[in-house]
Amino acid sequence: MSAAGKNGFQAVVIGGGHNGLTAAAYLARAGLRVAVLERRPVLGGIAAGEEFLPGYGTAGLVHDASRVWGRVVKDLDLGGHGLSLTPARPPVLALDDQGRGLRLDPDPAGTAKEIEALASAGEAARYGQYRAFLSRLQGFIVRLLGSLPPDLGSLGRGRQGWDLLRTGLALRRLGKKDMMELARIAPMCLADWLNEWFETDLLKAALAWPALAGDFTGPWSPGTNVNLVLYECASGSTVKGGPRALVRALEKAARAGGAEIRTGAEVERIIFSKGEVKGVALAGGGEVIESPLVLSSCDPRRTFLELLDRAAVDERLALRFENFRGRGTTAKVNLALDAPLKFACRPGRMVEFARTGSSLTQLEKAFDAAKHRRLPERPLLDIHLPHVSDPSLAPAGHAVASILVHFIPFDLDGGWTDQRRRELGDLVVSTLEEYAPGLSESIVGREVLSPADLGERYGLVRGHLNHGEHALDQLFLRPTPECARFATPIRGLYLCGSGGHPGGGITCGPGSLAASVAVKARAELG
Amino acid sequence: MTEVAPTLKDNFPSGPFDAVVVGGGHNGLVCAAYLARAGRRVLVLERRRVLGGAAVSEEVYPGFTYSVCSYVVSLFRPHIIRELDLARHGYRVIPLDCTFSPLENGDSLARWGDPARTRREIARFSPKDAEVAPQFGLAMTKMAAFIKNIIDHPAPDPASFDPGQLKALWGLAKDFREMGPDLMYLHNKLLTMSAVDFLDMWFESDQLKGPMSVSGIIGTFLGVRSPGTAYVLLHHYMGDIDGAFRSWGLSKGGTGGVSLAVARAARSFGAEIRTGAPVARILVSHGRASGVALEDGWEIKAKTVVSACDPRLTFLGLVGREHLEEEFIERIKRYKFRGSSGKVNLALDRVPEFSARPGLGEHLRGDITIAPGVDYLERAYDQAKYGEFSRRPFLDVVIPSLTDPTVAPPGKHVVSIFVQYAPYWLKEGPDSWPRKREAFGDAVIDTLAEYSPNLKDSILHRQVLTPWDLEQEFGLSEGNIFQGELSLEQLFFLRPVAGWARYRTPVKDLWMCGSCTHPGGGVMGSPGELAAKTLLRSRSL
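Residues numbered from 1 in each chain as written. Chains lettered and ligands numbered in written order. Predicted model: local features only at pLDDT ≥ 70, side-chain atom pairs only at ≥ 80, totals over all residues. Heavy atoms only, no water.

A. Main features of the domain arrangement of chain B. All names here are of chain B. Splitting chain B by domain gives domain 1 (17-93 + 254-336 + 483-537), domain 2 (116-241) and domain 3 (338-477). Computed from C-alpha coordinates alone, the two centres of domain 2 and domain 3 are separated by 27 Å. Taken together, both faces of the contact between domain 2 and domain 3 bury some 1,600 Å²; the carbon and sulfur share is 61%. Counting the surface domain 2 buries against domain 3, the share from its top three residues, Val214, Phe221 and Arg225, is 37%. In this assembly, domain 2 and domain 3 are joined by two salt bridges. Connecting domain 2 to domain 3 are ten residue pairs in polar contact (both at pLDDT 80 or more). With five residues, helix 8 (residues 206-213) is the single largest residue contributor to the side of domain 2 that touches domain 3. Grouping the constituent residues of the side of domain 2 that touches domain 3 by class yields eight nonpolar, six polar and five charged. (Domains from an automatic or database assignment. Buried area = accessible area lost by both parts, 1.4 Å probe. Salt bridge = Lys/Arg side-chain N within 4 Å of Asp/Glu carboxyl O. Polar contact = N/O pair within 3.5 Å; in protein donor to acceptor, adjacent residues only side chain to side chain. Helix = DSSP H or I, 4+ residues; strand = E, 2+ residues; numbered from the N terminus. Nonpolar A, V, L, I, M, F, W, Y, C, P; charged D, E, K, R; others polar.)

Here it is, written out as structure tokens:
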């Protein structure tokens, strides 16, 4: 097991996204000779900054860099590799149809002031209580997300029993009241919970956003509140420069540990025999890289249903992967602008992050459209203006709007054609123009990527950003019970992407947990 | 079949009572029967002139007896039937052998008690689905066995340090583990997934998934694609009539027949039952319930008061805020009702025929569902989400007079139509329901007539019940037929509110026994039974 393959690698990581690079850096740190194989010419996956027009770039397909695990930053000394963090989430400007704005500030007191100006002092006070409640849960949630999910096969026995007991005790340490409240609110729909706290539509819509992004659920879908609680408790320190800065630091950390990183290297097949992984075969030429350890950061459905020889995968397991739900609901529109984008409600202010969405009802209606495979009348926009903090991403005086568009169906009725893509682009521009008049005159170029396009470019099965829904049934036993602890039934093959615990978003969690499990298993085998 | 009990003050027995039960629905009666069986002096007070609550039969038009609200029996617990000797008191359920689902294209699907016959039907739409249907049934049956453990015992409180409850929790954990990883996994999915997503794991044909998925949404304000609806699919596999798994049935004489059998049993154990006795207040002194006051001011003292009403009515109505802590009131206020269903009861001069399967075949003697596909059902839900009743709703229809001639005059028929969605919270507010009642009834009839062309001409009488009517007439807050939504956050140790899921209340000597308590709604009798048994064990009575 410890022997390297013929061409000298002790581990191969498929995919050079943030999780693949994290896993590689951990493996390298443990002294393994690691190869990272990335299909695309650039590293980073959905965290990769993209130049979509000469001179205009984004900080990543997604732009939320507030959830990277502190543990990973420390373990891999990412600070030493050029990463710097700000201690809180960046402010976000929430926009509504009546031309109002609400700035969610990293400092709860700042947000409270905004809420008071928009609504009332009572609403602001409740926001304070809301944040206080979430911070009481934080320790437990972070612990839950950071530990390995239970193994159903040996539930409650041996060491696992001990872990489970400790988690149970941590839960009880929340106190009877908060513990019961957590049990109550986790399976709720987030609209019900936010309605218990607040009256202001714009505030509720703004808070709901991150919990719905990427998934096939609306604010009235039960189970969405768990995502809200997890997000609120797990996000904090933010990477300066966004996802692309994180990718740079991870790459340096992996290389510093001796990892070999190849781009333009598409894995076509995972080779295994007698239940044991032997290496990977690359596309175009059939180059084989042998390795007793393969970690795949791809969507688990791609790993099991495409990269492995289907006939050799246990039928029942294959069925479980087929049933793993994930149907993309996110599109991307990048705009190159020759003038800064100005929001009518905050004319004098530099805004880097903004969201539209006037009310939970508006969000739900947008979800309805996706559910019925249509384009929503009012798409919901999650806007990042990356040049604000990194002027190198646009020519001087110019600007970039990198926009995630939510509730856009992967399986649009009639399919995605150039015309439908244009339609989506126009819809996004006309929607954004309502909040930022003059926008369309300043557009010098645009890129529109449907969920299907994202699927193709980033290798996301059915275009799902999180490699599978964040739904209650797919959260802790993710993606299937036998693979929930990153090892798979094929010896030496591990999953290390967003399809594993704790799921998608730029956390580096799955990569670090998977690598730690693999290193430990290797050590135990001697 | 309508049976009127003596009025309140006829031969009123002298006190003191050990327990007064507020509400003579099936749960109140079951609770009273168990208390009386244990030798306690019990009085049941029902506001209406008839017993049964929502499990009631009434002769609304001469000669026609309707199961006005609840219309099928499936979950009534067999041990309750045994322990209360209900068969001797007239409990009789006639099994429904078929679920017949006409489709929009003129075809139809019928599922029968006989698996081979069902298989042939499903195979017309998908041979693959026909093949996996028995596997699905087997998995569901296995899981139903675990759920029975849960519904037949009070819910243990995970925050408690009481050794008895910790033991019960440990027992559940052990049972869960013993299922093995595959069933544990499936359970996890069943409890959290949407009915459609869950069915998608087995089936491909929309014609099958539509009719199957609706059992997940009955009585809830959710769609078949809403997470958390899958577990109700199990109910179809828990029906336990005469030991035959998976069967639903009609009570002889209407659903009220169940309540009346329980009432007779309760009386046989010495319980006193009075109808036309509206309770206005639960008397509380020094933090203890001491009896009830009727609307006419008459006070009846008792050691214990057991309320079969829902928590809003019980605490904010009958007890009064002055006896409760602010935090408890808040929790009761945010307990969700949101009724979503209505009922249309018809008297017909002939049997309604369906063009998808002409003639008076066996398929009419079962359950008839208008649920011709998943998208149809989701569209019906989408309208309700924004405060309108569904223009083309999901319908669950039975024609009880075909199997039970006692409910209609010879040659005539009664038809019971359960309708979803009829949201209590209409855009214009719940009080606009009386103005919309008939339009709602028309939408229902129009929808059904698309499948049954001779329906409209054969209607003699029609009764339309909206959620507003259910609230006004039956005391169900917001017209919720389960006394509160059966969503995960309001089940098990959280029903009706955390910390008070074991039938006790913050008011000493006041207990709850309605569908708002564990294990929830449906005509199963468990809340009443478990409340009585817990109360007796507590030795406070």
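We are not done yet, so read on.
B. Here's a closer look at the packing of aromatic side chains. All told, the structure shown has 34 aromatic pairs over all chains when counted by the stated rule. Ring centres of A:Trp220 and B:Tyr386 lie 5.7 Å apart, and the angle between their planes is 40°; this geometry places the pair in the tilted category. Residue A:Trp220 is found in the loop between helix 8 (201-212) and helix 9 (224-234), and its partner B:Tyr386 is found in the loop between helix 13 (374-385) and strand 17 (394-398); the two belong to separate chains. Centre to centre, the rings of B:Phe136 and B:Trp202 are 5.0 Å apart; their planes meet at 75°, and the pair counts as edge-to-face. Taken as a pair, B:Phe136 in helix 4 (residues 127-151) and B:Trp202 in the loop between helix 7 (195-200) and helix 8 lie far apart in primary sequence, 66 residues in all. Taking the relative accessible area as the measure of exposure, B:Trp202 reaches 13% and is therefore buried. Cluster of aromatic residues (ring-pair linked, three or more members): A:Tyr127, A:Tyr130, A:Phe133, A:Trp193, A:Trp197 and A:Phe198. (Phe/Tyr/Trp six-rings, centres within 6.5 Å; stacked < 30°, edge-to-face > 60°. Buried < 20%, exposed > 50% of the residue type's maximum accessible area, 1.4 Å probe, protein only.)

C. Structural detail: the interface of chain B and chain A. Contact residues are listed per partner, giving 38 residues for chain B and 38 residues for chain A. Viewed at the interface, chain A and chain B are joined by 15 salt bridges. B:Asp157 is the partner of A:Lys176 in a salt bridge, and the nearest nitrogen-oxygen pair spans 3.5 Å. Of all the elements in the fold, those that place two or more residues in the side of chain B that touches chain A are helix 5 (163-178), helix 6 (181-192), helix 7, helix 12 (326-334) and helix 13 of chain B. Examining the composition of the side of chain B that touches chain A, we find that seven residues originate from one element, helix 6 of chain B, more than from any other. (Contact = heavy atoms within 4.5 Å.)

D. Region of the structure containing the pattern of salt bridges. Scanning the model with the defined rule gives 78 salt bridges over all chains in all. The closest approach of N and O atoms between B:Arg334 and A:Glu196, which form a salt bridge, is 3.9 Å. In this pair, B:Arg334 is assigned in helix 12 and A:Glu196 in helix 7 (residues 190-197), connecting two distinct chains. The exposure class of B:Arg334 is partly exposed, given its relative accessible area of 28%.

E. View of the environment of A:Phe9. Take A:Phe9: it is sitting in the segment before strand 1 (11-14). Between the alpha carbons of A:Phe9 and A:Leu32 there is a distance of 7.9 Å; along the sequence they are 23 residues apart.

F. The arrangement of the sheet that holds strand 12 (residues 288-290) of chain A in detail. Residue and element names in this part refer to chain A. What the three strands build is an open sheet, ordered 10-11-12; its pairing is antiparallel. The sheet is open, and its two borders are formed by strand 10 (267-273) and strand 12, each paired with just one other strand. Taking the axes of each pair of neighbouring strands and ignoring which way they run, one obtains an average angle of 30° across the sheet. Bridge count between strand 10 and strand 11 (residues 276-282): six bridges; the pairing is antiparallel. Paired with Val267 across the bridge in strand 11 is Leu282. (Pairing = 2+ DSSP bridges. Axes fitted to C-alpha atoms, helices over the stretch in contact; angles between N-to-C directions.)

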